[in-house]
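# Structural overview
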Amino acid sequence: MERTKFSTLDQLKDQITKEMHKDYFFNGEVFNPLNEGWWFQFDNGTRRMGQCSIHLKRISLSRKMCELNMNRWDLIEDILLHELAHAFTEKIYGKESSGHTPQFRRIAKSMGSSLLGSMIPKSFGLRVPYRYKYRCPGCGGTWERQKKIEGSCRACSGSNIYDPKFKLVLVDEAL
Ligand SMILES: [Zn+2]
Ligand SMILES: [Zn+2]
């Protein structure tokens with residue numbers, strides 16, 4: 001049995017490096033990421049689980065996501081294989097095909113990943129940070145939104161009718 005519990009990101013990175021030093025096969029093609037110049041690092045992503053940068057030959061995983069799922073190697077491995085599949089797809093079919101294409105899905109599946117499309121942050125414990133934060137001048141309540149909103153506090157306005165006294169004020173913008 002391979003170890004599946006990690007207490008530090010360094011230990012996790014060791015395991016990831018091992019995975020990247022394996023031969024993966026598809027349709028008679030072989031791919032050994034590490035031997036072919038690919039490298040790994042953790043990134044600061046909170047909206048995506050990981051990234052495959054073909055330009056930099058870099059595979060990265062969200063540090064935050066890894067910390068939140070440290071004891072779930074099955075999950076982290078699944079995401080890692082998804083990212084590596086992008087690299088393998090690029091190697092065989094070129095950059096244009098390396099997105100979530102049918103070719104990609106076949107390769108990801110053959111590598112053992114069950115994640116064949118976009119990954120939703122919430123499913124991995126990641127909370128997508130707000131872009132806009134509003135406060136009601138009446139009750140002080142706050143609203144975090146992905147999109148800009150215009151309106152008044154429903155609690156204070158007492159109905160859905162717009163009340164300028166309780167117009168929500170933009171207090172923070174996280175872009
Ligand atoms: Zn992907
Ligand atoms: Zn209010």
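Cut-offs used in this document
Residues numbered from 1 in each chain as written. Chains lettered and ligands numbered in written order. Predicted model: local features only at pLDDT ≥ 70, side-chain atom pairs only at ≥ 80, totals over all residues. Buried ≥ 20, exposed ≤ 12 C-beta atoms within 10 Å, placed from the backbone. Helix = DSSP H or I, 4+ residues; strand = E, 2+ residues; numbered from the N terminus. Arc of directions from axis to C-beta. Contact = placed C-beta atoms within 7 Å.

## With respect to helix H1 (residues 9–19)
All of the buried residues along H1 are Leu12, Ile16 and Glu19. Projection of H1 onto a plane perpendicular to its axis shows the buried side chains occupying an angular sector of 50°, all on one side. In H1, the exposed positions angled more than 90 degrees off the buried face are occupied by Asp10, Asp14 and Lys18. Where H1 is buried, its residues meet strand E3 (39–43), helix H2 (63–68) and helix H3 (73–93).

## Observations regarding helix H4 (residues 102–111)
By the burial criterion, the buried members of H4 are Gln103, Phe104, Ile107, Ala108 and Met111. Seen along its axis, H4 keeps its buried residues to an arc of 125°; they face one direction. Its buried side turned inward, H4 meets strand E1 (24–26) and H3. Count one or two residues on from H4 and you reach Gly112, which has phi positive near 105°.

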